[in-house]
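As a plain string of letters, each chain reads:
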Amino acid sequence: MKNCAIVGINWGDEGKGRMVDLMTEKFDVVVRFQGGGNAGHTVINEHGKFALHLLPSGIFRKGTVNILGNGVALDPQNLLKEMQEVIDQGVPLTPENLKISDRASLLLPWHRDLDELEEQRLADKKFGSTKQGIAPFYSDKYQKKTVLAGELFYPEELKAHLADLMEWKNLTLTKVYGAEPYTMEMLEEWIDNYCEQIKPFVCDTGAFLKDAQSAGKSILFEAQLGSLRDLDYGIHPYTTSSNTTAAYAPIGSGLPSAKVDDIVGVVKAYSTCVGEGPFVCEMFGEEAEELRKAGNEYGAKTGRPRRVGPIDLVATRYGIEVQGATEITLTKLDVLSYMDKIPVCSHYTVNGEQTDRFPFPVLLNSAKPVIEYMDGWKTDISGVRRFEDLPVAAQEYVLYVEKEIGCPITYVSVGPERESIIVRKKEQA
Ligand code: GDP
C-alpha cells in the first residue's frame, strides 16, 4: 500500500493532528519524523480531547504502531508527562503501539535552560521561542553533542559520554550566561527519573520500518509545524530548527529509502501565525479579534493568542511547492461563516511592485498584502458532509482557493471533531 505524509503548508497549526487522526484508519504505522514537544496537535475523538505535543496522532487507533523517529527532539521528561496524560484518559501505551527510535537524540536538561537564557539575553529582539529547548537541542545535534536514546542500554558508556558533554556545556552555561553548572548527580537523577521509564519503548525502529515495508504495510509520516517554518525553506530566521517538509520524512523517520507517494498538505481557510517574524497578511484590531475568537486561535502549548489574517495565496502556493503536495485539506471553513465578505490575500506588493511569488525572507518585512473579497455565506456549515450541500458562496470560496493554489482540495473540514469532514472525490477536485 502507498505511503503518505501529512504536512503543514503554512505557519503551523493548520489542523494536521485531526487529519492524521482521521487518516490513520487506513495506515499500519504512523511516524513523527521531526520537531519536538514545542507544538500542539489537537485531536478530538471518542476518547476525549487531546493536545498532543510529541506523541504521534495515530496513538488512538487500535493496531496502529506509532513511532518517534530519529529526527525528533526527544525530551524524556515532557514525553513521560504527555504519555501519562494520554494513559489517564484511557488510551493504552505499550511498547507494542509506541516505539522510540534508538537513534533519536535526547533533549538534555540544559537545552531548556539555554533556550530561556538566550531569550532573556535577546530581550526585545527575541524570536518568540516556546522555550522547550528545541533550538539548542538541534544545534547540539548537528555539533554531535547529544546522546542517542539507544545509549540508555549502555549505562557506563552513557555516563562517560554525558560527563564529557557536561564539561563542555558547563563552559557555556557559566562563562557565557553566568548560570549554575550541571553536576553528574543532576544528570543521574534525570536518567533515573525520566530516561529509565522511556527505555522499554526504545528499539531499532529502522529495522521495524524496513520489515513493515517489506511486508507491504503502509506508513503515514506526520509532520509538525508548516512549510514557512522549515529550517531551510522557511522565513529565516523565524523558522523552527528542523525540516518540516515531506522530503525530510524518510530521513527523520528511520527509513531513508522510503517513497512518499501521497503528500497531503493541510491549509487553514484563513491564516494564523504564532510568535515573532514577518506575517504579511496580518489583520489587526477588532477584525482580528473577531477572527481569533471565532477560530479559537490560542496556542495548544502556550495559550498564546495567535496572530491572524485572511488566507494568504502567495504563501500557500509557495508552501505547496516546497512540500510537493499532491492534494490539499482545507480546514476550519466553518470559522468563516460569520463574515459578510471573506478577505483573501491574493498578491503582495514589494517595493511598489505587485507579485505573486513568495519573496526572499529579508523582503518580507517590506511586503504588503493585496486583499480581495469573496461573498460570505452567513450560514452554519458545521453539519454539512457533502460538498454540494455547502452554500454556493462556500463552494465558490473553496473552488477559488483551489484554482489559485493549483492543487486539488480533497478534504474540507467544517468542525474539530473527527467526523466533521467533507471528502471530495479526486475527480470532483
Ligand atoms: P496542528 O498543529 O496542525 O495539528 O493544528 P492545531 O491542533 O494546533 O490547531 C488546529 C485547531 O483547530 C485545533 O484546536 C483543532 O481542534 C481545530 N480544528 C481543526 N479542524 C477544524 C475545523 O474544521 N473547524 C474548527 N472549528 N476547528 C478545527
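Structure: above.
Presented here is a report on the structure given in the accompanying data block.

**A word on the site of the ligand**
Logical step 1: The environment of the ligand is made up of 17 residues, and the closest members are Lys16, Gly17, Thr42, Asp334 and Ser413.
Logical step 2: One of the side-chain nitrogen or oxygen atoms of Asp13 is found 3.1 Å away from an oxygen atom of the ligand.
Logical step 3: One nitrogen or oxygen atom from the main chain of Gly415 is found 3.1 Å from an oxygen atom belonging to the ligand.
Logical step 4: For the ligand, whose free accessible area comes to 590 Å², the fraction covered by protein is 91%.
Logical step 5: Of all the elements in the fold, those that place two or more residues in the shell around the ligand are α1 (16–23) and β3 (41–45).
Logical step 6: Looking at which element gives the most residues to the shell around the ligand, the answer is α1, with three residues.
Logical step 7: Per-class residue counts for the shell around the ligand are three nonpolar, seven polar and seven charged.

**Brief notes about the environment of Val384**
Logical step 1: Relative to the helices and strands, Val384 is located in the loop between β15 (368–375) and α12 (392–405).
Logical step 2: Expressed as a C-alpha distance, the spacing of Val384 and Arg292, which sit 92 residues apart in the sequence, is 23 Å.

**Let's talk about the nonpolar core**
Logical step 1: With 57 residues, the main nonpolar core has Phe221, Ile328, Leu333, Leu336, Trp377 and Tyr397 as its most contacted residues.
Logical step 2: Among the elements that take part in this core, α12 stands out by supplying seven residues, more than any other.
Logical step 3: Apart from the residues within four sequence positions on either side, Tyr397 is in contact with Ala269, Ile311, Leu333, Leu336, Ile342, Val344, Met374 and Trp377.
Logical step 4: Counting 41 residues, the second largest nonpolar core, distinct from the first, contains Leu74, Leu106, Tyr182 and Ile198.

**Points about the pairing of strand β1 (residues 4–8)**
Logical step 1: Across the five residues that make up β1, a large majority, five, are buried.
Logical step 2: Neither face of β1 is left uncovered, since the one carrying Cys4, Ile6 and Gly8 and the one carrying Ala5 and Val7 both have all their residues buried.
Logical step 3: Bridging between β1 and strand β9 (residues 262–268) involves five bridges; their strand directions are parallel. When the bridges of β9 are listed, Ala5 appears paired with Ile263.
Logical step 4: One ladder, built from four bridges, connects β1 with strand β8 (residues 219–226); its direction is parallel. Among the inter-strand pairings, Gly8 is bridged to a residue of β8, identified as Gly226.

**Observations concerning the environment of Val344**
Logical step 1: Inspection of the secondary structure assignment puts Val344 in strand β13 (residues 341–350).
Logical step 2: Look at Val344 and you get buried, because its relative accessible area is 0%.
Logical step 3: Spatially, the C-alpha atoms of Val344 and Glu402 are 13 Å apart, while their sequence positions differ by 58 residues.
Logical step 4: Setting aside chain neighbours within four positions, we find Val344 in contact with Pro310, Ile311, Leu313, Val370, Ile371, Glu372, Met374, Tyr397 and Tyr400.

**Remarks on the state of the cysteines**
Logical step 1: The final tally for this structure, using the stated rule, is zero disulfides.
Logical step 2: The thiol of Cys345 is not disulfide-bonded; the next cysteine sulfur, from Cys281, is found 5.6 Å away.
Logical step 3: Unpaired in this structure, Cys407 has its nearest cysteine sulfur neighbour in Cys4, at a distance of 12 Å.
Logical step 4: The buried category is assigned to Cys407, whose relative accessible area is 5%.

**Let's talk about the sheet that holds strand β5 (residues 65–68)**
Logical step 1: Spatially, β7-β6-β5-β2-β8-β1-β9-β12-β16-β17 is the arrangement adopted by the ten strands of the open sheet, whose pairing is mixed. The open sheet is flanked by β7 (202–203) and β17 (421–423), the only strands paired with a single partner.
Logical step 2: Here strand β6 (residues 98–101) runs beside β7; their pairing, made up of two bridges, is parallel. Counted as the bridge partner of Ser101 is Cys203 from β7.
Logical step 3: Of the strands in this sheet, β12 (327–331) and β16 (409–413) are in contact with α12, which crosses β16 at around 140°.

**Quick notes on unusual backbone geometry**
Logical step 1: With an omega of 5°, the peptide bond running from His236 to Pro237 counts as cis.
Logical step 2: The topology assignment puts Pro237 in the loop between β8 and α8 (249–253).
Logical step 3: Phi is positive for Lys332, which is not a glycine, with a value near 60°.
Logical step 4: Despite not being glycine, Asn351 has its phi angle at roughly 50°, a positive value.
Logical step 5: Tracing the backbone through its elements, the reader meets Asn351 in the loop between β13 and β14 (353–355).
Logical step 6: According to the relative accessible area criterion, Asn351 is exposed, its value standing at 62%.

**A look at the pattern of salt bridges**
Pairing of side chains with opposite charge becomes possible as their charged atoms draw close.
Logical step 1: All told, the structure shown has 20 salt bridges when counted by the stated rule.
Logical step 2: Of the charged contacts in the structure, one is a salt bridge between Asp389 and Arg386, with a shortest N-O distance of 3.0 Å.
Logical step 3: For Asp389, a relative accessible area of 41% corresponds to the partly exposed category.
Logical step 4: On the accessibility criterion, Arg386 (47% relative accessible area) is partly exposed.
Logical step 5: Among the ionic contacts, a cluster of salt bridges with common partners joins Asp13, Lys268, Glu297, Arg306 and Lys332.

Calculation criteria
- Residues numbered from 1 in each chain as written.
- Predicted model: local features only at pLDDT ≥ 70, side-chain atom pairs only at ≥ 80, totals over all residues.
- Heavy atoms only, no water.
- Near = heavy atom within 4 Å.
- Polar contact = N/O pair within 3.5 Å; in protein donor to acceptor, adjacent residues only side chain to side chain.
- Areas by Shrake-Rupley, 256 points an atom, 1.4 Å probe, with all protein chains shown as cover.
- Helix = DSSP H or I, 4+ residues; strand = E, 2+ residues; numbered from the N terminus.
- Nonpolar A, V, L, I, M, F, W, Y, C, P; charged D, E, K, R; others polar.
- Core = buried A, V, L, I, M, F, W, Y, C linked by side-chain atoms within 4.5 Å.
- Buried < 20%, exposed > 50% of the residue type's maximum accessible area, 1.4 Å probe, protein only.
- Contact = heavy atoms within 4.5 Å.
- Pairing = 2+ DSSP bridges.
- Disulfide = S-S within 2.5 Å.
- Axes fitted to C-alpha atoms, helices over the stretch in contact; angles between N-to-C directions.
- Salt bridge = Lys/Arg side-chain N within 4 Å of Asp/Glu carboxyl O.

In short, shape yes, function no, at least from these values alone.
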